[in-house]
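A look at the structure
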There are 2 protein chains.
Amino acid sequence: MKDVATAAGVALKTVSRVVNDEPGVNPETAARVRAAIDRLGYRRNESARVLRRGRTATIGLVIEDVSDPFYSALNRAVEDVATRNGSLVLTGSSAENPARERELVLTFCDRRVDGLIIVPAGNDHAYLLPELKAGTVAVFADRPPEPGLDLDAVLCDNAGGVGQGVEHLIRHGHRRIAFLGDHPAIFTAAERLHGYRTALEAAGIPADDRLISMGPPGQARMAVELTRMLALPDPPTALLTGNGRLTVTALRVLATRPPPHPALVGFDDFELSDLIVPGVTVIAQNSSGLGRVAAELLFRRLSGHTGPARRIRLPTHLIARGSGELPPP
Amino acid sequence: MKDVATAAGVALKTVSRVVNDEPGVNPETAARVRAAIDRLGYRRNESARVLRRGRTATIGLVIEDVSDPFYSALNRAVEDVATRNGSLVLTGSSAENPARERELVLTFCDRRVDGLIIVPAGNDHAYLLPELKAGTVAVFADRPPEPGLDLDAVLCDNAGGVGQGVEHLIRHGHRRIAFLGDHPAIFTAAERLHGYRTALEAAGIPADDRLISMGPPGQARMAVELTRMLALPDPPTALLTGNGRLTVTALRVLATRPPPHPALVGFDDFELSDLIVPGVTVIAQNSSGLGRVAAELLFRRLSGHTGPARRIRLPTHLIARGSGELPPP
DNA sequence: CCTGCCGCTGACAACGTTGTCAGCCGTGCC
DNA sequence: GGCACGGCTGACAACGTTGTCAGCGGCAGG
């Protein structure tokens, strides 16, 4: 910038004014400065700008895994909103590890991101408090902050979605419906389990703990659990899987078994669910909506909005493709 | 930092030394400083550090779309290598738009990223030259830089991979093999088409232009092209699709037609290809390998390595799952 | 003619670090 | 006792911007 000023025969500050489109510069002078900028190929140093102004025009996004379709759709939606707001996105994968999440968030804060969108892996975000006090804005997505942390959050209607799925299966004649969910320490998994129990209860069907299995979506575990359930004297005639990976794992295990297969409804849509035979009936959640709304809440606060923390629930919707409409034998 | 210095009763510079683990500080003093740091919750301002040192410990990644499985796997691999090297990743989606790519790259450069990994959308990277001269390191992934731009690049063995696929189909008795590729202006699409022609020629089978269709992976276009080809007097008995999205589109179109279906080999593996019936035979490319190797090349250069630009080809491998082993009728 | 104002420009400090260099003190050697 | 040296510490400038304030000349109004 100094060089540009010299080349254009003006002071540093005038160049700064031109670069920032500040008013009060003689058009002729401005033109001369712009010419010098082009000639020298000058580009503003953002780091210095940040140091002086305090805003980085960068937000941080912490998700579980950038390569997971659910989160990468969320990532994309966040990126789109950020671009519209002139911001860039630093993304990090927490691998569902609270320590890694904390490390990422703090590193982002060191970089002075303007705001954070976090899919929390842990339940203790005390480490966030100093940053929040320092003016960093944070929004939680997919899972809420623990009580006491008063932040905006965007969630799916987990219980309601699972409820829709259970009702759908009941409508198709099922009463023995198994639920295969992720580890109940994960907020969404717990909510979905709750939705399952509530819907059964509402239909007057007693929940049977032997038809419930909660844990990580490994294929071995899934094989064991399905085998166990299907060998029961009154086996489930339908399965409800609690997230996309569980659905896929269940499909893989079922593929190793002879028909007839139980009906299946999966929470979370996934690509190609329509190409499998029968098509997989799913409860679609709006992953990009999650990202979009979270980013919008964030930028609203960044542009000065204050107000009580909001908690937004995005609706899910059931897509019938065949697997959920199989009747009980 | 000033506050910490005051609190610990030392000079600014001593705090800086402690924070950076520089040698030559009395352990007692260091302990006092560290205590003050903890007490005040001090965190170093990275922007100021960057301004002073010139290194941001951040790299930029420009891909086509963060939500595309191929690119998000690449993204994850880059992130992993970056983390191991103490760096963060700024990611942007170019949407296959050269102008957007340029904008992203220049914005990243304004932020003084140490290096760039680019999946180029366009063929003109003249805009990169000033940045390269200014010391930014760039590595291309999936597609090479245009001649004259002497940069490291990591590519898949596109022609060889398609060749494998063609040979596989020929081995299963096919001689009428159609090729459905993306727009030939895309480097990988052109290379794959070339591999197709070469492999046919090597087998002594004349290429038939009526069995070749190059263009974007829209379902309408795919439907038209497949209908046209399958209505020929001597229709193709096998299809080779040039990327993941084309494969999926072809599967969707085929699903609307009565059997028997032509054999199918798709370039690029995709999740659930094993759950479709018959399983989809693919030529798997190593998308995370692409990201990993590109990031490794980048960090090698960032740590001082100089040397001629390298061009690395990653092998592909064929995974037979059923659809590519269907015999001709 | 003087005053006040406006449009434009520039000098200077400040943002929070780190690199450079100088200084202090104690120790060991001549 | 004088000197060199090493371990430790600190003062200061610099990185490239932007915010603040002051200054300049011209013009309108009193």
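Each chain has its residues counted from 1, running along the sequence as written. Whichever chain is written first is A, and whichever ligand is written first is 1; the rest continue in order. Whole-chain, interface and lining totals are the exception, using all residues; otherwise, since this is a predicted model, local features are given only for residues with pLDDT of at least 70 and side-chain atom pairs are given and counted only at 80 or more. Heavy atoms throughout the structure, all of them, feed into the side-chain values; hydrogens and water do not.

**A short note on the overall build of chain A**
Under the DSSP-based scheme used, a helix requires at least four consecutive residues in state H or I and a strand at least two consecutive residues in state E, with every element numbered from the N terminus. Each helix and strand counted, chain A has 12 helices and 12 strands in total. Every radius of gyration here is taken over C-alpha atoms, with the globule rule written as 2.2 Å times N^0.38, N being the number of residues. For chain A, the C-alpha radius of gyration of 26 Å lies well beyond 20 Å, the compact-globule estimate for 329 residues. In terms of overall dimensions, chain A has a C-alpha envelope of 90 × 40 × 30 Å along the principal axes. Here's how the labels work: a residue is buried when its accessible area is under 20% of the maximum for its type, exposed when over 50%, partly exposed in between, all with a 1.4 Å probe on protein chains only. The proportion of buried residues among the 329 residues of chain A is 55%. Any pair of residues with heavy atoms lying within 4.5 Å of one another is described as a contacting pair. Once local pairs closer than 6 in sequence are excluded, the contacts in chain A between residues at least 24 apart make up 66%.

**Things to note about the interface of chain B and chain A**
The interface is formed by 46 residues belonging to chain B together with 46 residues belonging to chain A. Across the chain B/chain A interface, buried area totals approximately 4,100 Å², and carbon plus sulfur atoms make up 55% of it. Every case where a carboxyl oxygen of Asp or Glu lies within 4 Å of a side-chain nitrogen of Lys or Arg is listed as a salt bridge. Our count for the chain B to chain A interface comes out at six salt bridges. The shortest N-O distance in the salt bridge between Asp110(A) and Arg43(B) comes to 2.6 Å. The term polar contact refers here to a pair of N or O atoms within 3.5 Å; inside protein, the definition further demands a hydrogen-donor-capable atom paired with an acceptor-capable atom, and it admits residues adjacent in sequence only when both atoms are side-chain atoms. Linking chain B to chain A there are 20 residue pairs in polar contact (both at pLDDT 80 or more). For the side of chain B that touches chain A, the secondary structure elements donating two or more residues are α4 (46-53), α5 (69-84), β2 (88-93), α6 (98-110) and α11 (244-255) of chain B. Each residue is assigned to one class: nonpolar for Ala, Val, Leu, Ile, Met, Phe, Trp, Tyr, Cys and Pro, charged for Asp, Glu, Lys and Arg, and polar for all the others, Gly among them. Here the side of chain B that touches chain A is composed, by residue class, of 19 nonpolar, 12 polar and 15 charged. Buried surface area refers to the total accessible area, computed with a probe of radius 1.4 Å, that the two partners give up upon joining, counted for both partners together.

**What about the nonpolar core?**
Definition used in this section: a nonpolar core is a set of buried Ala, Val, Leu, Ile, Met, Phe, Trp, Tyr and Cys residues joined via side-chain atoms within 4.5 Å. Judged by nonpolar contacts, the single largest core of 76 residues is most densely connected at Tyr196(A) and Tyr196(B). If we ignore the near neighbours within four places in the chain, the residues touching Tyr196(A) are Val162(A), Val166(A), Ile177(A), Ala178(A), Phe179(A), Leu211(A) and Ile212(A). Membership of the second largest hydrophobic core comes to 36 residues, among which are Leu151(A), Val62(B), Leu116(B) and Leu151(B).

**Quick look at the domain arrangement of chain A**
One can read the domain layout of chain A as domain 1 (2-44), domain 2 (57-155 + 287-313) and domain 3 (158-286). If you average the C-alpha positions of domain 1 of chain A and of domain 3 of chain A, the two centres end up 64 Å apart. Where each domain starts and ends comes from a domain assignment, either automatic or drawn from a database.

**Overview of the sheet that holds strand β10 (residues 281-284) of chain A**
Sheet strands pair by backbone hydrogen bonding; their relative direction is either parallel or antiparallel. Residues and elements named next belong to chain A. Here, strands pair whenever DSSP counts at least two bridges between them. With mixed pairing, the six strands of this open sheet are ordered in space as β7-β6-β8-β9-β10-β12. On the outer flanks of this sheet lie β7 (212-214) and β12 (317-319), each paired with one strand and no other. Each strand of the sheet is rotated relative to its neighbour by a mean of 15°, with strand direction disregarded. Relative to strand β8 (residues 238-241), strand β6 (residues 177-181) runs parallel, the two sharing four bridges. The axes are straight lines fitted to the C-alpha atoms, using for helices just the contacting stretch, and the angles between their N-to-C directions are given from 0 to 180°.

**As for the protein's contact with DNA strand C**
Within the structure, DNA strand C sits among 25 residues, and Arg17(A), Thr29(A), Met1(B), Ser16(B) and Arg52(B) are positioned closest to it. For each residue, the test is whether any non-hydrogen atom lies within 4 Å of the molecule or strand; if one does, the residue is near. The sugar-phosphate portion of DNA strand C accounts for 61% of its atoms within 4 Å of the protein, the bases making up the rest. Arg17(A) places a side-chain nitrogen or oxygen 2.5 Å from a base nitrogen of DNA strand C. One nitrogen or oxygen atom from the side chain of Tyr42(B) is found 2.8 Å from a phosphate oxygen belonging to DNA strand C. Of all the secondary-structure elements, those providing two or more residues to the surface near DNA strand C are α2 (12-19) and α4 (46-53) of chain A together with α2 (12-19) and α4 of chain B. The greatest single-element share of the surface near DNA strand C, amounting to five residues, is contributed by α4(B).

**Description of helix α9 (residues 187-202) of chain B**
All names here are of chain B. Its 16 residues give α9 an end-to-end C-alpha distance of 22 Å, which sits within 8% of 22 Å, the value for a rise of 1.5 Å per residue. Of all the residues in α9, the buried ones are Thr 188, Ala 189, Glu 191, Arg 192, Leu 193, Gly 195, Tyr 196, Ala 199 and Leu 200. In this structure, the buried residues of α9 make contact with β5 (152-156), α8 (158-171), β6 (177-181), β7 (212-214), β9 (263-267) and β11 (311-314). Trailing α9 by a residue or two, Gly 204 shows a phi angle of about 75°, which is positive. Between the first and last residue of a helix there are one fewer steps than residues, each counted as 1.5 Å, and that sum is the expected span.

**Topic: the protein's contact with DNA strand D**
The environment of DNA strand D is made up of 25 residues, and the closest members are Ser16(A), Arg52(A), Thr14(B), Arg17(B) and Thr29(B). Each atom of DNA strand D within 4 Å of the protein was classed as base or backbone; sugar and phosphate made up 58%. One of the side-chain N or O atoms of Lys13(A) is found 2.8 Å from a base nitrogen in DNA strand D. Arg17(B) is positioned such that a nitrogen or oxygen atom in its side chain is 2.5 Å from a base nitrogen of DNA strand D. Listing elements by their share of the surface near DNA strand D, those giving two or more residues are α2 and α4 of chain A together with α2 and α4 of chain B. The element that contributes the greatest number of residues to the surface near DNA strand D is α4(A), accounting for five residues. Among the residues forming the surface near DNA strand D, the class breakdown is nine nonpolar, seven polar and nine charged.

**Description of the relation of the copies chain B and chain A**
When the copies are overlaid, the least-squares fit takes in C-alpha atoms only where the residue has pLDDT of at least 70 in both copies. Mapping chain B onto chain A calls for a screw motion: a turn of 180° about the axis and a shift of 0.0 Å along it, with 0.0 Å RMSD after fitting. Here the transformation between the copies is reduced to the relation of a two-fold axis. Of the residues that chain B buries at the interface, 100% are likewise interface residues in chain A, meaning the two copies contact each other through the same surface.

**Considerations on the side chain of His174(A)**
Residues and elements named next belong to chain A. Along the chain, the position of His 174 falls in the loop between α8 (158-171) and β6. There is a polar contact of 2.7 Å between the side chain of His 174 and the backbone oxygen of Leu 326. Look past the residues within four positions of His 174 in its chain and what remains in contact with it is Leu 169, Ile 205, Thr 237, Ala 238, Ala 263, Leu 326, Pro 327 and Pro 328.

**Regarding the packing of α2(B) against helix α3 (residues 27-40) of chain B**
Residue and element names in this part refer to chain B. Packing of α2 against α3 leaves a shortest axis separation of 10 Å and a crossing angle of 90°. Between α2 and α3, the crossing angle belongs to the class labelled roughly perpendicular. Residues Thr 14, Val 15, Val 18 and Val 19 of α2 touch α3, and the partners they reach there are Thr 29, Ala 30, Val 33, Arg 34 and Ile 37. For the contact of α2 with α3, the class distribution of residues is six nonpolar, two polar and one charged. The labels follow the angle: roughly parallel below 35 degrees, roughly antiparallel above 145, roughly perpendicular from 65 to 115, and oblique for the rest.

**What about the sheet that holds strand β10 (residues 281-284) of chain B?**
Residue and element names in this part refer to chain B. Within the open sheet, the six strands sit side by side as β7-β6-β8-β9-β10-β12. Their pairing is mixed. The open sheet has two edge strands with one neighbour each: β7 and β12 (317-319). Strand-to-strand twist of the sheet, defined as the mean angle between neighbouring strand axes without regard to direction, takes the value 15°. Summarising the sheet, β10 and β12 pair through three bridges and their orientation is antiparallel. Residue Val 282 lies in a different strand from β12, and its bridge partner there is Ile 319.

**Brief notes about the pairing of strand β11 (residues 311-314) of chain A**
All names here are of chain A. Of the two faces of β11, only the one carrying Ile 312 and Leu 314 is buried; Arg 311 and Arg 313 on the other face are not. Relative to β11, strand β5 (residues 152-156) runs parallel, the two being bridged by four bridges. Each bridged residue has a counterpart across the sheet, and for Leu 155 the counterpart in β11 is Arg 313.

**Here we look at the side chain of Asp268(A)**
You can see Asp268(A) is positioned in the loop between β9 (263-267) and β10. For the buried residue Asp268(A), which engages in no salt bridge, the nearest side chain bearing the opposite charge is Arg192(A), 6.6 Å off. For the purpose of charge, His is not counted, nor are the chain termini; Lys and Arg are scored as positive and Asp and Glu as negative.

**Overview of the environment of Asp110(B)**
Within the secondary structure layout, Asp110(B) lies in helix α6. Separated by 21 residues in the primary sequence, Asp110(B) and Glu131(B) place their C-alpha atoms 9.6 Å from one another. Asp110(B) has contacts with Arg43(A), Arg44(A), Asn45(A) and Glu46(A), leaving out every residue within four places of it along the chain.

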